[in-house]
Amino acid sequence: MRINPQLMEKIKESLSSVLPITAIVLLLSVTIAPLTPGAIVLFLFGALLLIGGIGVFTLGVDMSMTPMGQGIGVSLSRSKHMALPVLLCFVLGALITVAEPDLQVLAEQIPAVPNMTLILTVAVGVGIFLVVALLRVKWRVPLSYLLVGFYILVFALSLFVPEDFIPAAFDSGGVTTGPITVPFIMALGVGMASVRSDKNATSNSFGLVALCSIGPILSVMILGICYTPDSAEYSSVSLADIATTRDAAQEFIQAIPHYVEEVAVAMVPICLMFLLFQLATRRFKRMQLLRIVSGLIYTYLGLVLFLTGVNVGFMPAGQLIGATVASGDQPWLLIPIGMVMGYFIVAAEPAVHVLIKQVEEVSMGSISQSAMRKGLSIGVAVSVGVAMLRVLTGVSIMWFLVPGYAFALALTFFVPQIFTGVAFDSGGVASGPMTATFLLPFAMGACQAVGGNFMTDAFGLVAMVAMTPLVTIQLLGLAGRVRKKLASDALRAELARAEDSILYYDM
């Protein structure tokens, strides 16, 4: 049987993404953070599922989510009456958010608020801001103006929110933009901007994820004011009794049905919306529909494998390593270890693969995949280091979020517009399921070991991961603009010297 060459290429890419973090965990397990045999076997099995899952998922997204989102985006932008596109955007944003797997994790950690109440609140926030994103593209409003205005509103509102609830509110903005929503929303933005012919059409294709990340922060803050929760309890991940490799395999086999159902619930709303869209517009031909259906199957299978791997294999390992390092003689090692893991783990996020590929295509190579990877990795490394510092010291997250966002928003007025959109989209993309199921348990385990407050000290890691790429990617754009200006100045100086030489010889 001949294997799809595109699938093999995707699996090779995912192998190069997962191997570094696997090697780091194995190295830690035989040095300063020894793991039980059961934990390490589960981790290795999980790594294998990650490699296959990311490869299958990214191929499926290329075949299905991207053309679906672009097709719907083009139709929305061409509609003469705005009522239907606005309603469709709100419903679409709310539906895909309700089913986002990462949001379920956050809801479980906040017992003071009923799960469905929190999820519906976040869904309303995403729906409203997807409408805002549509209107921004339609009316050609600069993204930086909206970002500055809404983040000023966010930080003003934070003055009235209980302190214990602020990190969870900012985390909600990161977990909402997960592997299901990001590919679709990004493609939707490309489709909406493609009908425009002005010079800013390319840069306006980015920014939907950025705006959709603000909605949950505002809505959860309002919810926090209404419920005034005091704290949330954290239940440690229990490690099953693993005596043989068969026992380890059995753990994954038992978990698969849960994620089969979870991913099905996540994808059904998008599929139904696409079916209604196709019946109404007949946009896609028979062969295109067959390819999209095949892609949806790949996407579904890949996400099931991925979520099973990270939840069963990676989550216990992350918690045990964090607790072991924090309870050792040198707890400060949490900071460099967290930074190294953050640097490499972002490459294993499924939506990151989608983002960097789409950025390179839309920017026609001006923003390369290697530059994006490096910028994201550096940003996440810094953010995880700061998060570990917070776990050890208990310093408020606002001391980092306020200056961080102020600097990021200030940069929006000095960098090319496309870098602003890409940077703020990258923040939501970087804080995906790998962060929620490995780095967050790592911080939780460390916080438990040092006796910290989970709500104020461990929560906020996702928010930090979502913030630092805003700065690093924009600095990448600023450096490019400076290099371009220096090269232009050097060329003008050279031409001026050449003209002077010609005039001298003419004399």
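So, a few notes on the structure that sits alongside this text. (Residues numbered from 1 in each chain as written. Predicted model: local features only at pLDDT ≥ 70, side-chain atom pairs only at ≥ 80, totals over all residues. Heavy atoms only, no water.)

Digging into the overall build of the protein
For clarity, the cut-off: Here a strand is any run of E in DSSP of at least two residues, a helix any run of H or I of at least four, and the numbering for each starts at the N terminus. We call two residues in contact whenever any of their non-hydrogen atoms come within 4.5 Å of each other. Each accessible area is a Shrake-Rupley estimate made with a 1.4 Å probe; only the visible protein chains count as cover when residues are assessed. When charges are counted, Lys and Arg contribute as positive and Asp and Glu as negative, whereas His and the chain ends are disregarded. Charged groups are reduced to one reference atom each: NZ for lysine, CZ for arginine, CG for aspartic acid, CD for glutamic acid.
Within the protein, the secondary structure is distributed over 20 helices and 0 strands. Summarising its shape, the C-alpha atoms of the protein cover approximately 90 × 60 × 55 Å along the three principal directions. Nonlocal contacts in the protein, meaning residues at least 24 apart in sequence, comprise 86% of its contacts between residues at least 6 apart. Put simply, the protein shows about 20900 Å² of open surface, and 67% of that area lies on carbon and sulfur atoms. Of note, the protein has its 26 positive side-chain charges centred 17 Å away from the centre of its 28 negative side-chain charges.

Description of the pattern of salt bridges
Two side chains with opposite charge may pair up if their charged atoms get near one another. Selection rule: Criterion for a salt bridge: a side-chain nitrogen of Lys or Arg within 4 Å of a carboxyl oxygen of Asp or Glu. Relative accessibility under 20% of the residue-type maximum defines a buried residue, over 50% an exposed one, and the middle range a partly exposed one, all with a 1.4 Å probe and only protein chains included.
The tally for this structure, following the rule as stated, stands at 3 salt bridges. Across the pair Lys 10 and Asp 62 runs a salt bridge whose closest N-O atoms are separated by 2.8 Å. Linking Lys 10 in helix 1 (residues 5-29) with Asp 62 in helix 2 (residues 37-78), this pair joins segments that are 52 residues apart in sequence. The class for Asp 62 is partly exposed, based on a relative accessible area of 26%. The residue Lys 485 makes a salt bridge to Asp 489 at a minimum N-O spacing of 3.1 Å. In this pair, Lys 485 and Asp 489 are both assigned in helix 20 (residues 461-506), 4 residues apart and thus about one turn of the helix distant. What you see here is one network of salt bridges that share partners, running through Lys 485, Asp 489 and Arg 492.

Some words on the side chain of Thr 58
Test applied: Throughout this description, a polar contact denotes any pair of N or O atoms lying within 3.5 Å of each other; where both atoms belong to protein, one of them has to be capable of donating a hydrogen while the other can accept it, and for residues adjacent in sequence the pair is counted only when both atoms sit in side chains.
Its place among the elements puts Thr 58 in helix 2. From its side chain, Thr 58 meets the backbone oxygen of Ile 54 in a polar contact 2.9 Å long. Residues in contact with Thr 58, not counting those within four places in the same chain, are Lys 10, Pro 350 and His 353.

Topic: empty space enclosed by the protein
To find leftover empty space, a probe the size of one water molecule is rolled over the atoms. To keep it simple, the criterion reads: Residues are called lining when one of their atoms sits within 4 Å of a cavity or pocket point, these points coming from a 1 Å grid over the protein atoms alone, where a cavity is a set in which a 1.4 Å probe fits but cannot get out and a pocket is an open set with protein on both sides within 12 Å along at least five of seven lines. Grid points are joined across faces, edges and corners, and a volume is the space filled by probe spheres set on the points. All residues other than Ala, Val, Leu, Ile, Met, Phe, Trp, Tyr, Cys, Pro, Asp, Glu, Lys and Arg, Gly among them, are scored as polar; the first ten of these are nonpolar and the last four charged.
Taken as a whole, this structure holds 4 cavities of 30 Å³ or more when the rule is applied. What lines the largest cavity is a set of 13 residues, among which Tyr 151, Ser 213, Tyr 405, Gly 428 and Ala 466 lie closest to the centre. Across the lining of the largest cavity, the residue classes break down as 8 nonpolar, 5 polar and no charged. The space that makes up the second largest cavity amounts to roughly 50 Å³. Taken together, Ser 17, Val 346, Ala 347, Val 352, His 353, Ile 356, Arg 373, Leu 376 and Ser 377 make up the lining of the second largest cavity. The set of elements that each furnish at least two residues to the lining of the second largest cavity consists of helix 14 (350-362) and helix 15 (369-393). Here the lining of the second largest cavity is composed, by residue class, of 5 nonpolar, 3 polar and 1 charged.

Some details on the packing of aromatic side chains
So the rule is basically this: Pairing of aromatic rings covers Phe, Tyr and the six-membered ring of Trp, with a centre-to-centre limit of 6.5 Å; geometry is then stacked below 30 degrees between planes, edge-to-face above 60, and tilted otherwise.
One pass over the structure, following the stated rule, counts 12 aromatic pairs. On the basis of an interplanar angle of 65° and a centroid distance of 5.6 Å, the ring pair of Phe 314 and Phe 438 is categorised as edge-to-face. Of the two residues, Phe 314 sits in helix 12 (residues 286-326) while Phe 438 sits in helix 18 (residues 433-450), which places them 124 residues apart along the sequence. With relative accessibility at 0%, the residue Phe 314 sits in the buried group. You can call Phe 438 buried: its relative accessible area is 0%.

Things to note about the packing of helix 6 (residues 143-157) against helix 17 (residues 417-430)
Basically, it comes down to this: The axes are straight lines fitted to the C-alpha atoms, using for helices just the contacting stretch, and the angles between their N-to-C directions are given from 0 to 180°. An angle below 35 degrees is treated as roughly parallel, one above 145 as roughly antiparallel, one from 65 to 115 as roughly perpendicular, and anything else as oblique.
Orientation of helix 6 relative to helix 17, taken along the N-to-C sense of each, is 40°, at an axis distance of 9 Å. It follows that helix 6 is oblique to helix 17 by the angle criterion. In this structure, helix 6 contributes Leu 143, Leu 147 and Tyr 151 to the contact, and helix 17 contributes Thr 420, Gly 421 and Phe 424. Tallied by class, the residues present in the contact of helix 6 with helix 17 amount to 4 nonpolar, 2 polar and no charged.

Details of unusual backbone geometry
In this structure, Arg 140 is a non-glycine residue whose phi angle is positive, near 60°. Assignment of secondary structure puts Arg 140 in the loop between helix 5 (115-139) and helix 6. Relative accessible area serves as the criterion here: at 49%, Arg 140 is assigned to the partly exposed category. At Arg 282, a position not held by glycine, the phi torsion is positive, near 55°.

A few points about helix 5
What counts here: Given a helix with a known number of residues, its expected span is that number minus one, times 1.5 Å.
With 25 residues, helix 5 should reach 36 Å at 1.5 Å per residue; the first-to-last C-alpha distance of 36 Å fits that figure. With its phi angle positive at about 60°, Arg 140 sits one or two positions after the end of helix 5.

A word on the side chain of Thr 412
Position of Thr 412 among the secondary structure elements: in the loop between helix 16 (398-411) and helix 17. A polar side-chain atom of Thr 412 sits 2.5 Å from the main-chain carbonyl oxygen of Leu 409. Setting aside residues no more than four positions away along its own chain, Thr 412 makes contact with Ser 144, Thr 420, Phe 424 and Gln 474.

Regarding a nonpolar patch on the surface
The condition is simple: Only residues whose relative accessible area exceeds 30% and that take part in no salt bridge are eligible for patches, with like-charged residues grouped when within 9 Å of each other and nonpolar side chains (Val, Leu, Ile, Met, Phe, Trp, Tyr) grouped when within 5 Å.
Nonpolar side chains collect at one region of the surface, where Met 339, Val 340, Tyr 343, Phe 344, Ile 378 and Val 382 lie side by side and expose about 440 Å² of accessible area between them. Those elements that provide at least two residues to the nonpolar patch are helix 13 (334-345) and helix 15. Per-element tally for the nonpolar patch: the top contributor is helix 13, with 4 residues.

As for the nonpolar core
Worth spelling out the cut-off: To form a nonpolar core, buried Ala, Val, Leu, Ile, Met, Phe, Trp, Tyr and Cys residues must be joined to one another through side-chain atoms within 4.5 Å.
Grouped together as the largest cluster of nonpolar side chains are 158 residues, with contacts concentrated most on Phe 170 and Phe 438. Beyond its immediate chain neighbours, meaning those up to four positions away, Phe 170 contacts Val 154, Phe 155, Ile 217, Met 221, Met 398, Leu 401, Tyr 405 and Ala 463.

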